[in-house]
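Architecture at a glance
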Amino acid sequence: DAGVTQSPTHLIKTRGQHVTLRCSPISGHKSVSWYQQVLGQGPQFIFQYYEKEERGRGNFPDRFSARQFPNYSSELNVNALLLGDSALYLCASSLDELGGGYTFGSGTRLTVV
Amino acid sequence: QKEVEQNSGPLSVPEGAIASLNCTYSDRGSQSFFWYRQYSGKSPELIMFIYSNGDKEDGRFTAQLNKASQYVSLLIRDSQPSDSATYLCAVIVVGGSNYKLTFGKGTLLTVNP
């Protein structure tokens, strides 16, 4: 079975641009969540989606948005990129919001220059 | 007070020793508790989850939860050099219909041959 897949793996963007990151959950998983991880820190929660509904939002500005599609895949969008948005963006899927742990994808390394 | 705090590292143990990793959390509404392992440049990998007070053992790993003390720990017996990684404690906090997986900063463990 395929694990959580994220695309792209690496991305370089210029300040002010927009970026879309994609995530496909493990088959059968209905919950997807997004995290930002900067070097030396634990992942920071951005969004949680379950059955296409937003179930949680972290302390990130409105420049960050996300959605979940009927096939449970998800997109994370970031507008007006700042240098400080450079990070590893992780997607995790689970059966539901509490179900036995979240499985992470390999992440997207975003560099804003 | 940070929501999830881990014992400051780095932690260094000799091969074959017991490594003890500790974590405290601030929200008494926390329901689910996880330990993840993250190798440098990789995404977090779930080691164990625990929901109820007491101990849970899986091979060389034992997770301990004490909800009254808001404390969760991970013991690694017979530590191996391949256990060298950053260990992340994570907690799910539920607020209404919102679910938030919150991570600590992580503890870097080095197992010396």
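Note that the coordinates shown come from a computational prediction; the quantities given were computed from them, not determined experimentally.

**Quick notes on the state of the cysteines**
Applying the stated rule across the entire model yields 2 disulfides over all chains. Here C23 of chain A is linked by a disulfide to C91 of chain A, with a sulfur-sulfur distance of 1.8 Å. Taking the sign of the torsion about the S-S bond as the criterion, the disulfide between C23 of chain A and C91 of chain A, at about -60°, is left-handed. With a gap of 68 residues between them, C23 of chain A in strand 3 (residues 19–24) and C91 of chain A in strand 9 (residues 87–94) connect regions that are remote in the sequence. In this model, C23 of chain B is linked to C89 of chain B through a disulfide, with the two sulfur atoms separated by 2.0 Å. Negative torsions about the S-S bond denote left-handed disulfides, and the value of about -70° found for C23 of chain B with C89 of chain B makes this one left-handed. Taken together, the residues span a long stretch of sequence, with C23 of chain B in strand 3 (residues 19–25) and C89 of chain B in strand 9 (residues 85–95) at a distance of 66 residues. Relative accessible area serves as the criterion here: at 1%, C23 of chain B is assigned to the buried category. Classification of C89 of chain B by relative accessible area gives buried; the value is 0%.

**Considering the interface of chain A and chain B**
On the side of chain B, 21 residues touch chain A, which itself brings 20 residues to the contact. Interface area for chain A against chain B, summed over the two sides, is near 1700 Å², with a carbon-plus-sulfur share of 58%. Summed over the shared surface of chain A and chain B, the result is 0 salt bridges. Viewed at the interface, chain B and chain A are joined by 3 residue pairs in polar contact (both at pLDDT 80 or more).

**Details of the pattern of salt bridges**
All names here are of chain A. Throughout the structure, instances matching the rule amount to 10 salt bridges over all chains. For the salt bridge of R22 with E75, the shortest nitrogen-to-oxygen distance reads 3.5 Å. Of this pair, R22 sits in strand 3 while E75 sits in strand 8 (residues 74–78), and the two are 53 residues apart along the sequence. Classification of R22 by relative accessible area gives partly exposed; the value is 42%. Residue E75 is classed as buried on the basis of its relative accessible area of 11%.

**So, the environment of I50 of chain B**
Mapped onto the fold, I50 of chain B is located in strand 5 (residues 45–50). I50 of chain B sits 14 residues away from Q64 of chain B along the chain, and the two C-alpha atoms are 7.8 Å apart.

**Digging into the nonpolar core**
Counting residues in each nonpolar core, the largest one holds 24 residues, and the members touching the most others are F33, W35, V72, L74, I76, Y87 and L109 of chain B. Broken down by secondary-structure element, the contributors of at least two residues to this core are strand 3, strand 4 (30–38), strand 5, strand 7 (61–66), strand 8 (71–76), strand 9 and strand 11 (107–112) of chain B. In terms of residue count, the dominant contributor to this core is strand 9 of chain B (5 residues). In terms of nonpolar packing, the next biggest core, distinct from the first, is built from 22 residues, V4, I46, F47 and Y89 of chain A among them.

**Notes on the packing of aromatic side chains**
Taken as a whole and assessed by the stated rule, the structure comprises 13 aromatic pairs over all chains. Judged by centre distance (5.8 Å) and plane angle (90°), the ring pair of Y35 of chain A and F103 of chain B falls under edge-to-face. Residue Y35 of chain A is found in strand 4 (residues 31–37), and its partner F103 of chain B is found in strand 10 (residues 98–103); the two belong to separate chains. With respect to class, Y35 of chain A is no different from F103 of chain B; both count as buried. Taking the centre distance of 6.4 Å and the plane angle of 45° together, the rings of F34 of chain B and Y36 of chain B count as tilted. In this pair, the class of F34 of chain B matches that of Y36 of chain B, namely buried. Here the aromatic residues Y35, F45, Y102 and F104 of chain A together with F34, Y36, F49, Y51 and F103 of chain B are joined through ring pairs into a cluster of three or more.

**Structural notes on the layout of surface pockets**
When its volume is computed, the second largest pocket comes out at roughly 380 Å³. Along its surface, the second largest pocket is lined by 20 residues, and Q37, L39 and G40 of chain A together with Q38 and T86 of chain B are the ones closest to its centre. Here the element with the most residues in the lining of the second largest pocket is strand 9 of chain B; it accounts for 3 residues.

Criteria and cut-off values
Residues numbered from 1 in each chain as written. Chains lettered and ligands numbered in written order. Predicted model: local features only at pLDDT ≥ 70, side-chain atom pairs only at ≥ 80, totals over all residues. Heavy atoms only, no water. Disulfide = S-S within 2.5 Å. Helix = DSSP H or I, 4+ residues; strand = E, 2+ residues; numbered from the N terminus. Buried < 20%, exposed > 50% of the residue type's maximum accessible area, 1.4 Å probe, protein only. Contact = heavy atoms within 4.5 Å. Buried area = accessible area lost by both parts, 1.4 Å probe. Salt bridge = Lys/Arg side-chain N within 4 Å of Asp/Glu carboxyl O. Polar contact = N/O pair within 3.5 Å; in protein donor to acceptor, adjacent residues only side chain to side chain. Core = buried A, V, L, I, M, F, W, Y, C linked by side-chain atoms within 4.5 Å. Phe/Tyr/Trp six-rings, centres within 6.5 Å; stacked < 30°, edge-to-face > 60°. 1 Å grid on protein atoms, 1.4 Å probe; cavity = no way out; pocket = protein on both sides within 12 Å on 5 of 7 lines; lining within 4 Å. Points joined across faces, edges and corners; volume = space filled by probe spheres on them.

The quantities given are spatial measurements derived from coordinates; they are silent on function.
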